[in-house]
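# Working through the structure, step by step
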Amino acid sequence: MFYGRFVISFPPAGTEAEFDALTRQDLLPAVTSLTGSLGLGEVVPFTEGSLPVYAVGDDLVLKLFPPVHLDELPTERTMLEALHGKLPIPTPAVHDVGERDGWGYVLMERLRGETLKDAWPKLSAEDRNRLAPELGEALAALHSLRDPRLDVLDPPDWATFIAEQRANVVEHHRRTGLDESWIARIPAFLDSVDLGSPPVVPLHTEFMRDHVMVDHDGERPRLTGLFDFEPAMRGAAEYDFVAVGLFVSGGDKDFLRRLLAGYGAEPDEEFSRRCLAYAFLHVYSNFTWYFKVLPAPAEPTPEALARAWW
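Residues numbered from 1 in each chain as written. Predicted model: local features only at pLDDT ≥ 70, side-chain atom pairs only at ≥ 80, totals over all residues. Heavy atoms only, no water.

## Description of the sheet that holds strand S4 (residues 53-56)
Formally: By definition, two strands form a pair when at least two bridges between them are found by DSSP. Helical segments are the DSSP runs of H or I of at least four residues, strand segments are the runs of E of at least two, and each set is numbered from the N terminus. To obtain an axis, a line is fitted to C-alpha atoms, over the contacting stretch when the element is a helix, and the angle between two such axes runs from 0 to 180 degrees between their N-to-C directions.
With antiparallel pairing, the 5 strands of this open sheet are ordered in space as S3-S4-S5-S7-S6. If you trace the sheet from one side to the other, it starts and ends with strand S3 (43-45) and strand S6 (94-100), each paired once. Across the sheet, the mean angle separating the axes of adjacent strands is 25° when strand polarity is ignored. One ladder, built from 6 bridges, connects S6 with strand S7 (residues 103-109); its direction is antiparallel.

Following this line, the structure appears as structure tokens:
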């Protein structure tokens, strides 16, 4: 790689500790060298996201996958290639995929607008409600997609995955610092919820305001994109409603009802209980954090929590 006339290599990042020690600014010389070798323009780092992402000129985005997370690149690429042009809202087109110094990268189209997270405080209740069914329609289209390329997504067997999550659920939540009074309630609640044997569909797994783009088209906002697919999986559709309830509707039951109407679903008490069960079993579940940012349930029970958030 070249930075000016000099070769600039990406630093080692074969462990989480090595990767966590690196800032996006640390990586900038190697990134600029990479994009220069590809004949691309100015590079500016984004501040959000668990993986390093850079704007390249006005029209492209470069997403990096350090060696410790290189196994996530095929998922991102596969989802982007399979989804492009198939949803009612845009997803980035893939321009290039490669690897340098053990780091992977995906060069993709830049979506227009700003994230729904950034736009949310500026949106009126009416604008938010207009977007809700459109979000549901987009998620329904994602779940309805049938493409053999997506068969490679993890987990190989959904039932086995859920059983493994269930076996480790107490220890998982103890590691996140969840109060023992809540931890004690989780096993019995999970035993009381019938998750059934649902069909397996493509999942985003982090369908949240942070990963949806919006822009103003005349007098009203409209959805302009969905991105960040490296955590994608194949599994039960309701697993995706964990992030929807936590990070899109955020306890707003009317907004969630409108979103579900766009999706084509009619929620009931059992739907809410299944969503909470999947929230307890989710790979990235962190109720210690959720309790700090979401409305408190009427009483400290899983049943009340399911009603409050879904």
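So much for the structure itself; the text now carries on.
## Quick word on the sheet that holds strand S10 (residues 212-217)
Spatially, the 3 strands line up as an open sheet ordered S8-S10-S11, and their pairing is antiparallel. In this open sheet, the two edge strands, each paired with only one partner strand, are strand S8 (114-115) and strand S11 (220-226). Where S10 meets S11, 6 bridges bridge the pair, whose relative direction is antiparallel. Counted as the bridge partner of Val214 is Leu223 from S11.

## Topic: the nonpolar core
So the rule is basically this: We call a set of buried Ala, Val, Leu, Ile, Met, Phe, Trp, Tyr and Cys residues a nonpolar core when their side-chain atoms join them within 4.5 Å. A 1.4 Å probe rolled over the protein chains alone gives each residue an accessible area, and that area as a share of the maximum for its type sets the label: buried under 20%, exposed over 50%, partly exposed in between. In what follows, a contact means two residues having at least one pair of non-hydrogen atoms within 4.5 Å.
Ranked by internal contacts, the top residues of the largest apolar core, which has 97 residues, are Leu64, Leu135, Trp158, Leu276, Phe287 and Trp309. The residues contacting Phe287, other than those within four sequence positions of it, are His173, Leu178, Leu276, Ala279, Phe280, Leu305 and Trp309.

## So, the pattern of salt bridges
Stated precisely, the cut-off is as follows: By definition here, a salt bridge exists when the distance from a side-chain nitrogen of Lys or Arg to a carboxyl oxygen of Asp or Glu is within 4 Å.
Taken as a whole and judged by the stated rule, the model has 19 salt bridges. The closest approach of N and O atoms between Glu126 and Arg130, which form a salt bridge, is 2.9 Å. Taken as a pair, Glu126 and Arg130 lie in helix H5 (residues 125-144) at a separation of 4 residues, close to a single helical turn. Between Arg257 and Asp254 there is a salt bridge whose closest N-O contact spans 2.6 Å. You can see Arg257 and its partner Asp254 sitting in helix H11 (residues 253-263), 3 residues apart, about one turn around the helix. Residue classification places Arg257 among the partly exposed positions, given a relative accessible area of 45%. Judged by relative accessible area, which is 31%, Asp254 ranks as partly exposed.

## What about helix H2 (residues 24-37)?
Which entries qualify depends on this criterion: In this analysis, the expected span of each helix is defined as 1.5 Å times one less than the number of residues it contains. Two axes enter the definition of the bend at a residue: one is fitted to the seven residues ending there, the other to the seven starting there, and the bend is the angle between them.
The end-to-end C-alpha distance of H2 is 19 Å, a good match for the 20 Å that 14 residues give at a rise of 1.5 Å each. Its axis deflected by about 35° at Ala30, H2 carries its strongest bend there. Looking at H2, one finds that the buried residues are Arg24, Leu27, Leu28, Ala30, Val31, Ser33, Leu34 and Thr35. Downstream of H2 by one or two residues, Gly39 has phi in the positive range, about 75°.

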